[in-house]
Amino acid sequence: MALPSDSSGTVIPPNEAAIVTAGNMTELELVLPEMGDEDLPEIAIFLVACAMRFHSDPSFVQEQLEWLVRMHDTEVDEGMRPDQLNSANDD
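Residues numbered from 1 in each chain as written. Predicted model: local features only at pLDDT ≥ 70, side-chain atom pairs only at ≥ 80, totals over all residues. Heavy atoms only, no water.

A few words now on the overall build of the chain. Helix and strand counts for the chain come out as two helices and two strands. Put simply, the chain has 91 residues, and 11% of those count as buried. Excluding contacts between residues fewer than 6 apart, the proportion of contacts in the chain whose partners are at least 24 apart in sequence is 19%. Accessible surface computed for the chain: about 8000 Å², of which carbon and sulfur atoms make up 55%. (Helix = DSSP H or I, 4+ residues; strand = E, 2+ residues; numbered from the N terminus. Buried < 20%, exposed > 50% of the residue type's maximum accessible area, 1.4 Å probe, protein only. Contact = heavy atoms within 4.5 Å. Areas by Shrake-Rupley, 256 points an atom, 1.4 Å probe, with all protein chains shown as cover.)

Moving on, we get to the packing of aromatic side chains. The geometry of an aromatic ring pair is captured by the separation of the ring centres together with the interplanar angle, meaning the angle of the planes. Counting across every chain of the model gives zero aromatic pairs. Lying over the aromatic face of Phe60, Arg53 brings its terminal NZ or CZ to 3.6 Å of the ring centre. (Phe/Tyr/Trp six-rings, centres within 6.5 Å; stacked < 30°, edge-to-face > 60°. Lys NZ or Arg CZ within 6 Å of the ring centre and 35° of its normal.)

This paragraph deals with the pattern of salt bridges. Under the defined criterion, the tally for this structure stands at one salt bridge. Here Arg53 makes a salt bridge to Asp57, at a shortest N to O gap of 3.4 Å. A residue is classified by how much of its surface remains accessible, and Arg53, at 35% relative accessible area, is partly exposed. (Salt bridge = Lys/Arg side-chain N within 4 Å of Asp/Glu carboxyl O.)

Between the first and last C-alpha of helix α1 (residues 42-56) there are 21 Å, a value that for 15 residues agrees with the 21 Å anticipated at 1.5 Å per step. All of the buried residues in α1 are Ala44, Leu47, Val48 and Ala51. Summarising the axial view, the buried residues of α1 lie within an arc of 100°, below the 170-degree limit, and thus occupy one face. Seen from the buried face of α1, the exposed residues on the opposite side, beyond 90 degrees, are Glu42, Ile43, Phe46 and Ser56. Its buried side turned inward, α1 meets β1 (18-22) and β2 (27-31). (Expected span 1.5 Å × (residues − 1). Arc of directions from axis to C-beta.)

Before going further, it helps to examine the confidence of the model for the chain. Per-residue pLDDT for the chain has a mean of 79; in total, 84% of the residues score no lower than 70. Between the elements of the chain, mean pLDDT differs from a low of 82, seen in β2, to a high of 86, seen in helix α2 (residues 58-74). (pLDDT = per-residue confidence, 0-100.)

Structure, rendered in structure tokens:
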């Protein structure tokens with residue numbers, strides 16, 4: 001997907017895949033590279049699966065977004081990072 005030069009958008013390289021918003025961020029568009037006889041890499045297949053789920057079950061996607069917001073709001077303490085661990089922390 002290449003945008004016109006007068007657009008303020010981003011050009012997606014021909015060997016990349018992306019899910020982008022369209023229609024003033026009210027629609028999703030899936031952009032896949034021309035692969036010829038080659039299979040898509042796993043990450044591109046994942047993007048396809050996400051886009052298909054969005055179009056077939058938008059309520060599931062909405063539930064996931066709400067879950068993400070709840071998880072962000074709860075700010076679960078995940079403990080110390082590995083670089084914070086040392087023997088002085090042992091009880």
